[in-house]
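# Structural overview for review
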Amino acid sequence: MGSFRRASKSLKSSKYLSLLHNSSLFGGNPFLGRLNSHHRVGLSQTFCSNSRQNSTENVIDLNQYPLERVRNFSIIAHIDHGKSTLADRLLELTGTIKRGKGQPQYLDKLQVERERGITVKAQTATMFYNHHSSLGVGSDNKQEEQSFLLNLIDTPGHVDFSYEVSRSLAACQGALLVVDAAQGVQAQTVANFYLAFESNLTIIPVINKIDQPTADPDRVIAQLKSMFDLDPADALLTSAKTGIGLEHILPAVIERIPPPPGLHNSPLRMLLLDSYYDEYKGVICHVAVVDGVLRKGDKISSVSTGQSYDILDVGIMHPELTSTGILLTGQVGYVVSGMRSTKEARIGDTLHHSKSVVEPLPGFKPVRHMVFSGLYPADGSDFEALNHAIERLTCNDASVSIAKESSTALGLGFRCGFLGLLHMDVFHQRLEQEYGAHVISTIPTVPYIFEYADGSKISVQNPAALPSNPKQRVVASWEPTVLATIIIPSMWGQLSPFALSGEGSSWSIHLLTAYEFS
């Protein structure tokens, strides 16, 4: 909403199960690599009879991963360019999940994501990968194997969930920019690139789906060079479906993306990235440790609320919740602190040790809502149940604004602000599927600004909220518009008739020369 135009008219923890599940895999798991076949059999035999005794022996030791051996990266792309499939292949390659087991698009865990075939929530998974680095020069060149901790964040591709992408990038130092080898650069490719560019992230271009008959990697590489000035030599050619070229991705992540900044010996500072409510554990927070070390049993405080909490559990997503008892500088994981109200978990908040005084982290930019709609319970007596469901869901979707309102026809309800129509539909669907709420939604509207004869202005999101005062005369009304630049091939002709048909106005038309396009 760039300007206003004058209108002429008005989970449960599965640590031990994941150990057994991954016991036959190769590569990156930091403790299974040290178990021989005899120990694996012994583990399976004693799991039921003496699991409490063995729980302290099979905890992932994060102390062996200092800052220089940690990499945090996201996968960003346009819709349906293969982000989630690529994430699956990387999880399989590192032994985090077993190939052929589990569901496709493993990190798309919501029911609405599986039904619609899109990613709605950004999901994090911690992987361990053994990388061979070269030591020496010439004939003295030797290969040393080191284990790296990689935090992968799979992000949505639709514009309505761009807030999820921006929050994910705050915890990363690099990003894989995935582009379909047949479709090439698309709208969200451009938008996500600039989100990563503004965050000063290292961008690794990945040309995916090169196995398609219509794939044209050379054309896509030329697009990336002309539009984003990305070096063609840096592009990786892959097919997440067939596995072609996947072996080059993780080495590129380790060699090109820098380790996270941060001071190990400084006071603890954590950025609250996301949260959701668990019926047994309360609010589970996803955090990125910027400075210091967090241990189970520590007492932390929130900068926003000032409230203090005891750390009941801390760990990583591997890919499910896996308790480690500690999180070090630069690492991303989860925290269970006994929060019982979702209002206590504010996205972008800074968490720190209670006895220390720290400078708050920048947090996130405020959300600009595009569409507003009213939500009312189908049965007026279910208002408190709907209030409870919305409170729990907004804990997991902080981009929604909520305000109570009343209607003469529908009774008490809520006025909700969304980032788009798809965002609104997904929110409604999650209310019904995850919390069993039955709601009535009003027609979505956009905010208007009304100007009175005395020069005062009022912003109205609900038509019923416009005051009817005979003494104040409305002289103008303003509605939101978008200032857009549309670039199309010359063979398509002029787009002005289509833009003008939607109450648009054409400011200028300019034909790009070959020099300007490059």
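Procedures and definitions
- Residues numbered from 1 in each chain as written.
- Predicted model: local features only at pLDDT ≥ 70, side-chain atom pairs only at ≥ 80, totals over all residues.
- Heavy atoms only, no water.
- UniProt positions renumbered as here; feature names shortened; annotations may be inferred.
- Helix = DSSP H or I, 4+ residues; strand = E, 2+ residues; numbered from the N terminus.
- Expected span 1.5 Å × (residues − 1).
- Buried < 20%, exposed > 50% of the residue type's maximum accessible area, 1.4 Å probe, protein only.
- Arc of directions from axis to C-beta.
- Contact = heavy atoms within 4.5 Å.
- pLDDT = per-residue confidence, 0-100.
- Polar contact = N/O pair within 3.5 Å; in protein donor to acceptor, adjacent residues only side chain to side chain.
- Phe/Tyr/Trp six-rings, centres within 6.5 Å; stacked < 30°, edge-to-face > 60°.
- Pairing = 2+ DSSP bridges.
- Axes fitted to C-alpha atoms, helices over the stretch in contact; angles between N-to-C directions.
- Parallel < 35°, antiparallel > 145°, perpendicular 65-115°, else oblique.
- Left-handed = near helix turned anticlockwise from the far one by under 90°.
- Nonpolar A, V, L, I, M, F, W, Y, C, P; charged D, E, K, R; others polar.

Looking at an unreviewed UniProt entry, one finds the chain named Translation factor GUF1 homolog, mitochondrial, with Cannabis sativa as its source organism. Quoted verbatim from the Catalytic activity (unreviewed entry) field of the UniProt record, the comment on the chain reads "GTP + H2O = GDP + phosphate + H(+)". Quoted verbatim from the Function (unreviewed entry) field of UniProt, the annotation for the chain is "Promotes mitochondrial protein synthesis. May act as a fidelity factor of the translation reaction, by catalyzing a one-codon backward translocation of tRNAs on improperly translocated ribosomes. Binds to mitochondrial ribosomes in a GTP-dependent manner."

## Considering helix α8 (residues 217-228)
In an α-helix there are 3.6 residues to a turn, and that puts residues three or four apart on one side. The end-to-end C-alpha distance of α8 is 16 Å, a good match for the 16 Å that 12 residues give at a rise of 1.5 Å each. Buried residues of α8: Pro217, Val220, Ile221, Leu224 and Phe228, and no others. Taken down its axis, α8 places every buried residue within 100° of arc, on the same side. Against β5 (174-180), α7 (187-198), β6 (202-208) and β7 (236-237) lie the buried residues of α8. Directly beyond the C-terminal end of α8, a positive phi value near 60° is found at aspartate 229.

## What about the confidence of the model for the chain?
In the predicted model, the chain carries a mean pLDDT of 81, and the fraction of residues at 70 or more is 80%. For the chain, helix α2 (residues 37-46) is the element with the lowest average pLDDT, namely 34, and β6 is the one with the highest, namely 97.

## So, the environment of aspartate 231
Turning to its location among the elements, aspartate 231 is positioned in the loop between α8 and β7. Considering only alpha carbons, one finds aspartate 231 and isoleucine 221, 10 residues apart in sequence, at a separation of 8.6 Å. Within the local environment of aspartate 231, its side chain forms a polar contact with the backbone nitrogen of alanine 233, the two atoms lying 3.1 Å apart.

## As for α7
The terminal C-alpha atoms of α7, which comprises 12 residues, lie 17 Å apart, in line with the 16 Å expected from a rise of 1.5 Å per residue. Within α7, the full set of buried residues consists of Gln188, Thr189, Asn192, Phe193 and Ala196. End-on, the buried residues of α7 take up no more than an arc of 135°, which puts them together on one face. In α7, those exposed residues whose orientation departs by more than 90 degrees from the buried face are Ala187, Phe197 and Glu198. Buried residues belonging to α7 abut β2 (70-77), α6 (162-169), β5, β6 and α8.

## Focus: the packing of aromatic side chains
Counted by the stated rule, this structure contains 8 aromatic pairs. A centroid spacing of 5.8 Å and a plane angle of 20° characterise the contact between phenylalanine 193 and phenylalanine 197, whose relative ring orientation is stacked. Of this pair, phenylalanine 193 and phenylalanine 197 both sit in helix α7, 4 residues apart, roughly one helical turn. Consider the rings of phenylalanine 383 and phenylalanine 414, whose centres lie 5.2 Å apart with planes at 5°: the pair is stacked.

## Side note on the pairing of strand β8 (residues 269-278)
Each regular strand carries side chains that alternate between the two faces of the sheet. When you tally the buried positions in β8, you get 10 out of 10 residues, the bulk of the element. Counted along the chain from β8 to the antiparallel partner strand β9 (residues 282-291), the turn is 3 residues long.

## Side note on the environment of cysteine 395
Note on placement: cysteine 395 falls in helix α10 (residues 383-396). Each C-alpha atom, one on cysteine 395 and one on aspartate 274, is 8.0 Å from the other, the two residues being 121 residues apart in sequence.

## What to know about the packing of α10 against helix α11 (residues 421-435)
The interhelical angle for the contact between α10 and α11, taken along N-to-C directions, is 115°, at an axis separation of 10 Å. When the axes of α10 and α11 are compared, the pair comes out roughly perpendicular. Remark: the crossing between α10 and α11 carries right-handed chirality. When α10 is examined against α11, the residues Leu386, Ala389, Ile390, Arg392, Leu393, Thr394 and Asn396 are found in contact with a partner set consisting of Phe427, Arg430, Leu431, Glu434 and Tyr435. Grouping the constituent residues of the contact of α10 with α11 by class yields 7 nonpolar, 2 polar and 3 charged.

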